[in-house]
Amino acid sequence: MISQAIQDYLKTIYKLQFNDKADETVTTTAIANELNISGASVTGMLKRLSSMGLVNYNSYKGVTLTESGKKIALEIIRHHRLLELYLKEILGFSLEKVHDEACRLEHHISEEFVDKIDDMLGNPEFDPHGHPIPTKKGEIPECIEPALYTVEPGTEVVIKRLSDENPEMLAYFEKLGLVPKVRISLIDKAPFHGPLTIKFNDKEHIIGHELAKCIFVEPV
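Cut-off values and rules
Residues numbered from 1 in each chain as written. Predicted model: local features only at pLDDT ≥ 70, side-chain atom pairs only at ≥ 80, totals over all residues. Heavy atoms only, no water. Salt bridge = Lys/Arg side-chain N within 4 Å of Asp/Glu carboxyl O. Helix = DSSP H or I, 4+ residues; strand = E, 2+ residues; numbered from the N terminus. Buried < 20%, exposed > 50% of the residue type's maximum accessible area, 1.4 Å probe, protein only. Axes fitted to C-alpha atoms, helices over the stretch in contact; angles between N-to-C directions. Parallel < 35°, antiparallel > 145°, perpendicular 65-115°, else oblique. Left-handed = near helix turned anticlockwise from the far one by under 90°. Contact = heavy atoms within 4.5 Å. Expected span 1.5 Å × (residues − 1). Arc of directions from axis to C-beta.

A. Quick look at the pattern of salt bridges. In the structure shown here, the tally under the stated rule is 12 salt bridges. Here glutamate 106 makes a salt bridge to lysine 11, at a shortest N to O gap of 2.6 Å. Pair noted here: glutamate 106 is in the loop between helix H5 (95-105) and helix H6 (111-120) and lysine 11 is in helix H1 (residues 4-17), with a separation of 95 residues, a long-range link. With a shortest N-O distance of 3.7 Å, glutamate 210 and lysine 213 are connected by a salt bridge. For glutamate 210, a relative accessible area of 52% gives the class exposed. By relative accessible area, lysine 213 is classed as partly exposed at 35%. Taken together, the shared-partner salt bridges connect Lys15, Glu34 and Glu165 into one network.

B. Representation of the packing of helix H4 (residues 67-89) against H5 within the structure. Orientation of H4 relative to H5, taken along the N-to-C sense of each, is 130°, at an axis distance of 8 Å. Judged by the inter-axis angle, H4 sits oblique to H5. Crossing geometry of H4 relative to H5 is assigned as right-handed. On the side of H4, the interface is formed by His80, Leu83, Glu84, Leu87 and Lys88, while H5 contributes Leu95, Val98, His99, Glu101, Ala102, Cys103 and Leu105.

C. Region of interest: helix H3 (residues 39-51). For H3, which comprises 13 residues, the first-to-last C-alpha distance of 19 Å matches the rise-based estimate of 18 Å (1.5 Å per residue) to within 8%. Buried within H3 are the following residues: Val42, Met45, Leu46 and Leu49. On an axial view of H3, the arc spanned by its buried residues comes to 105°, and they lie on one face. For H3, the exposed residues lying more than 90 degrees away from the buried face are Ala40, Lys47 and Ser51. Check the buried side of H3 and you find it contacts H1, helix H2 (28-35), strand S1 (55-58) and strand S2 (62-65). Of the residues flanking the end of H3, it is glycine 53, one or two places downstream, whose phi is positive at about 80°.

Shown next, in the form of structure tokens:
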């Protein structure tokens, strides 16, 4: 039986290892910062995970997931993202609340329950933030969409996904209507990381550079 703590570690290592499309060794410090716990606690758990064959751990080089560890991480990510979509589409939760609620539920549901949600939602490919949902086989597509701030003025794009790191930011995006599948025209972009002027739903809005870093798009 894989404990909740182990699942959280594996999910966190996966997130850090494959951040920004890279496949990188993850440091103990990065895990400690992400989970908000001490480095000593992380080191102890990594040694345990290594003995279970779930990670490749070297105290000097850091840690990566083994194939077994990656499989478990993707399974819990699948639970999480399907729950987020269920909470949003069926139960009417706001974007800012689905992440924390799914975190509380993801460890306590059976595969049968997950399959029922998957069927009810029509076997979706993306969660409500636009992130891909791993398949039952543990497959997940690579996210390669650029952030909005990299787009040149005069370009029309569609929002593919939003960063889900900040609930307050998600609430702001949802209030504005900046959600996945919405079409945007980039009108202007101020230099030196200045604000962007965008148009969607027949209205112009000005958003800051930091917000534009958290919206990922593809050209129309």
